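Observations on the model geometry
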Amino acid sequence: VKEGDIVVDIGASTGIFTHIILPQKPKHVFCLEPSKTNCKKLTSKKIKNFQGTLEDFVASDKFRKFDILTMMWTLCNTSNCYDILNQANEMCNKNGYIIIAESSRILVPYKKPIQMYIRKGNPDIHSFHFSKNSLCNLLIISKFKPVYINRYIDSDWLVVVAKKTEKIHTSKIKLDKA
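Report follows, based on the coordinates. All figures in this text were calculated on a predicted structure; none of them were measured in a lab.

**A word on the packing of aromatic side chains**
With the rule as written, the count across this model stands at 5 aromatic pairs. With 5.6 Å between their ring centres and 40° between their planes, Phe 30 and Phe 57 make a pair best called tilted. One end of the pair, Phe 30, is in strand E2 (residues 28–33); the other, Phe 57, is in helix H3 (residues 54–59), with 27 residues separating them in the sequence. Overall, the relative accessible area of 0% leaves Phe 57 in the buried class. Pairing Phe 30 with Phe 66 gives two aromatic rings, centres 6.1 Å apart and planes at 25°, and the pair type is stacked.

**Observations concerning the packing of helix H4 (residues 81–91) against helix H5 (residues 132–141)**
Here H4 crosses H5 at 50°, and the two axes come no closer than 9 Å. Classified by the interaxial angle, the pair formed by H4 and H5 is oblique. With respect to the hand of their crossing, H4 and H5 are arranged in right-handed fashion. Counted together, Cys 81, Tyr 82, Leu 85 and Asn 86 of H4 and Leu 138, Leu 139 and Ile 141 of H5 form the full contact between these two elements.

**Focus: helix H2 (residues 36–44)**
Of all the positions in H2, only Asn 38, Cys 39 and Leu 42 are classed as buried. The arc that holds the buried residues of H2, viewed along the axis, is 100°, so those residues lie on one side. Turned more than 90 degrees away from the buried face of H2 sit Lys 36, Thr 37, Lys 40 and Ser 44, all of them exposed. The elements touched by buried residues of H2 are E2 and strand E3 (49–51). At the N-terminal end of H2, a side-chain oxygen is found 3.3 Å from the backbone nitrogen of Thr 37, two or three residues along, and the residue is Ser 35. Looking one or two places after H2, you find Lys 46, whose phi comes out positive at around 65°.

**Focus: the environment of Thr 14**
Relative to the helices and strands, Thr 14 is located in the loop between strand E1 (6–10) and helix H1 (16–21). The class of Thr 14 is buried, set by a relative accessible area of 16%. Taking the C-alpha atoms as reference points, Thr 14 and Thr 43, separated by 29 residues in sequence, lie 9.5 Å from one another. With near-sequence residues (within four places) excluded, Thr 14 lies in contact with Asn 38, Lys 41, Leu 42 and Lys 45.

**Structural notes on the side chain of Gln 87**
Structurally, Gln 87 can be placed in helix H4. With residues up to four places along the chain from it excluded, the contact list for Gln 87 reads Leu 54, Glu 55 and Val 58.

**Points about the environment of Ser 103**
With respect to the helices and strands, the residue Ser 103 is situated in strand E5 (residues 92–103). The exposure class assigned to Ser 103 is buried, which follows from its relative accessible area of 18%. With 54 residues separating them along the chain, Ser 103 and Trp 157 place their C-alpha atoms 4.7 Å apart. Setting aside chain neighbours within four positions, we find Ser 103 in contact with Trp 73, Phe 130, Asp 156 and Leu 158.

Definitions and cut-offs
Residues numbered from 1 in each chain as written. Predicted model: local features only at pLDDT ≥ 70, side-chain atom pairs only at ≥ 80, totals over all residues. Heavy atoms only, no water. Phe/Tyr/Trp six-rings, centres within 6.5 Å; stacked < 30°, edge-to-face > 60°. Helix = DSSP H or I, 4+ residues; strand = E, 2+ residues; numbered from the N terminus. Buried < 20%, exposed > 50% of the residue type's maximum accessible area, 1.4 Å probe, protein only. Axes fitted to C-alpha atoms, helices over the stretch in contact; angles between N-to-C directions. Parallel < 35°, antiparallel > 145°, perpendicular 65-115°, else oblique. Left-handed = near helix turned anticlockwise from the far one by under 90°. Contact = heavy atoms within 4.5 Å. Arc of directions from axis to C-beta. Polar contact = N/O pair within 3.5 Å; in protein donor to acceptor, adjacent residues only side chain to side chain.

Here's what the structure looks like:
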């Protein structure tokens, strides 16, 4: 994120990530968040927001385009990650970027005790778990070109930065080894 960027945080929660990027002086920061309670907190922090899902926002009269889209531990909780990324592509300006952070649980050693993953009470409710290849492939078929992938093998996070493209580059699709 650099000075002058127009940024949207999709699934912003209470704006923790938004506060991290504000010192970079983006031109405009906007949050999409389905929780009414979280949107009240965002508003109290003077952060512009839309209460609803990405689908609600795309269908609304508030729809606009952004230079940078972020999804921090959000894509794994969607009901259709392919549709979400296609709608995110519609929201992304030409030559814009999407930044996705997810847990690096697949094909990476799980670093926490198993009871933190399979526990009493509410089970893990993530609909999707991504490997580096599955997330990159999903971005590729949604017309985004991965340009940065963190060293997820040593981290609890898988972070992929991808640039919007005009076509799908199927030659870049990679399969995971069993």
